[in-house]
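Residues per chain are reported as follows:
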Amino acid sequence: MDSNIDVEILSILSEASAPVGAKIIADSLKDRGYDIGERAVRYHLKVLDENSLTKKLGYSGREITEKGIEELEKANISFRIGSVFSQVIEKLYLSDFPSKVLINTAKFEGDYKTIKEMVLRSFEAGYSVGDYLNIKKKGNTVSVETLCSITFDNFLLKNGIIPTPEYGGIVKFEDYEPVNFEGVIDFKSSSIDPLVAFIMQGKTDVIGVIENGEGLVPANFRVIPKSSEKQFENILKKDMLNSVLAYGTENVLGMNLNPEQIGVVLVGGLTPLCIPHESGYTADISAATQLKDISSMEKKTKGFLEAKKKKGKFKVTPVLSKMLSKMQTINYDIEDKKGNVVVNAAKIPIEYKEEAINALKDSYENKLAISDRLKVECDDKFLNAYTICSLTVDGVFLKNKIPVIPYYGGILEVKADKKRFIEAIDYEGTSLDPHEVFFNKADGKNYILAGIRKVPMSASEKLIDLNEKLGWNSIIEIGRPNNDICGVRVEKCMFGITTIGGTNPFANIRKNDIPVEMKTLHKSIDYSELTHYDDI
């Protein structure tokens, strides 16, 4: 399923509480910018039915199937990238605080009383948006609803201030105070909600902040016009949501601003969901899921958050900047097989040495790594492994006068008949390597870490020739000029290449239930330090 219209139809059905007919779908599509009639909608529904993505329920209309929901979560990555931002703006407008509010939802498996106490700890410490919450038990499932931070944006809008949500991320705390964003993802550059990505990949430490003042809290960053500063500060005095962590006009917790902007950092509405997840409870978390009447929610005790004017200790920069800098250090020569390469690093507890080495070898035998070389060394506590980073290939091409631009990193679904990205983040729109964000989603078989690079159309023949001479397992697919590759759109006069992620061997170790501490773009080393995987 590649059609944007098919994706929209599934989206419409997924949001409906009852079966929907072709006329309603056609009207909804027009509201979303697709001017097609009922007849065309029926054709698309027939195709979706044939693929078991939708189900016809007599004259009542269609409903989405479980397979359809799964497909919607993966489909058409170019369509989905940026949709997080557009949905945020739409729901910002549709909210009407303090009556109609936008909520986040989560489902946990486990003891109701324990999970409820954990969620309430965040509220009591102040780390929530507002003081409203729903938490209910059904069997062994605990469902939780919290206010989304977009509710505050709606509050600003109703008071005449236009907010522009820009990033979701995690804020580092020291001595119970926010000091800097530790990582951010641009809403416009990701297929996944940034805070959901950080939480589900274990990047938060709300427990640490509450217990000893040090840790990582989910937060959102938006900008407002500088001309509204006095008005904004007056609004803060009557802010019932009490969710602002910091604001200012310069380097707000590390975030850059132009002279006409004020940066505002809000605690993430998903924050109360973090402690159960950090404590090991299985979670299904969704951001900004639905609008709800606030009267249907329960009021809870909330600790006070003091909004601070605070600069960051350092400025947050896109990972692309780091990649381009590292690329300059690569001087590997194809002919001599000598020179510097960039490696990723993994630290594994020494007691898992044998299992980890077997998992590494398995990855290399199944061509889930770049080239056939790596480095493994041990000390008393850890096995340290180093694999060639995919950026090395970019550097090799650069050394041969081909400008290669790292574009997206993400999860590639691999099937016999087709390869497609199901999640992706633009390297320019994140301060963390996407492979660190998606590390836990790779299984080394059906879902692997991969990237997209852009190359000038005129360099295609030379790149193909150099890749054959290089002889590594780095490039999975080479696209055609002006065409999508693995579902990712590449602009005019460029073509894309899909590259395998150099961290896949580490993901394969993790898949075997072995703890792994992984870091991408670790350092440059001489190729001669690496050995064949058979010799480790």
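Residues numbered from 1 in each chain as written. Predicted model: local features only at pLDDT ≥ 70, side-chain atom pairs only at ≥ 80, totals over all residues. Heavy atoms only, no water.

**Q** Hey, could you run me through the packing of aromatic side chains in this one?
**A** Given two aromatic rings, one states the distance between the centres and the angle between the planes to describe the pair. One pass over the structure, following the stated rule, counts 10 aromatic pairs. Considering the side-chain rings of F232 and Y247, the 5.3 Å spacing of their centres and the 70 degrees angle between planes classify their relative orientation as edge-to-face. Within this pair, whereas F232 is found in helix α11 (residues 229-237), its partner Y247 is found in strand β9 (residues 244-248), the two being separated by 15 residues in sequence. Summarising the burial analysis for this pair, F232 and Y247 share the class buried. Feature note: the residues F97, F152 and F155 constitute an aromatic cluster, connected by ring pairs. Sitting over the face of the ring of Y386, K375 holds its NZ or CZ atom 5.9 Å from the ring centroid. Cation over ring: K523 sits above Y386, and NZ or CZ is 5.2 Å from the ring centre. (Phe/Tyr/Trp six-rings, centres within 6.5 Å; stacked < 30°, edge-to-face > 60°. Helix = DSSP H or I, 4+ residues; strand = E, 2+ residues; numbered from the N terminus. Buried < 20%, exposed > 50% of the residue type's maximum accessible area, 1.4 Å probe, protein only. Lys NZ or Arg CZ within 6 Å of the ring centre and 35° of its normal.)

**Q** Can you help me understand the environment of K67 in this one?
**A** By secondary structure assignment, the location of K67 is in helix α4 (residues 66-74). Relative accessible area serves as the criterion here: at 47%, K67 is assigned to the partly exposed category. Spatially, the C-alpha atoms of K67 and N51 are 9.0 Å apart, while their sequence positions differ by 16 residues. With near-sequence residues (within four places) excluded, K67 lies in contact with N51, S52 and L53. (Contact = heavy atoms within 4.5 Å.)

**Q** What should I look at first to understand the sheet that holds strand β15 (residues 373-378) in this one?
**A** Whether parallel or antiparallel, the strands of a sheet pair through hydrogen bonds between backbone atoms. Overall, antiparallel pairing links the five strands, which are arranged β22-β14-β16-β15-β23 in an open sheet. Each of the sheet's edge strands pairs with one partner strand only, and the pair in question is β22 (517-526) and β23 (531-532). Bridge count between strand β14 (residues 340-349) and strand β16 (residues 382-388): seven bridges; the pairing is antiparallel. Looking at the pairing, N344 lines up with T387 of β16. Each of β14 and β22 is contacted by helix α13 (residues 319-327), which is oriented at about 25 degrees to β22, the strand it contacts most. (Pairing = 2+ DSSP bridges. Axes fitted to C-alpha atoms, helices over the stretch in contact; angles between N-to-C directions.)

**Q** Is there a simple way to think about the environment of K322 in this case?
**A** Structurally, the position occupied by K322 is in helix α13. With relative accessibility at 38%, the residue K322 sits in the partly exposed group.

**Q** Just checking my understanding: could you explain helix α15 (residues 391-399) for this structure?
**A** Side chains three or four residues apart in an α-helix point the same way, a direct result of the helix having 3.6 residues per turn. Within α15, seven of the nine residues are buried, which leaves the element mostly enclosed by the surrounding structure. All of the buried residues in α15 are L391, T392, V393, D394, G395, V396 and F397. A positive backbone phi angle near 70 degrees is found at K401, which sits one or two residues after α15.

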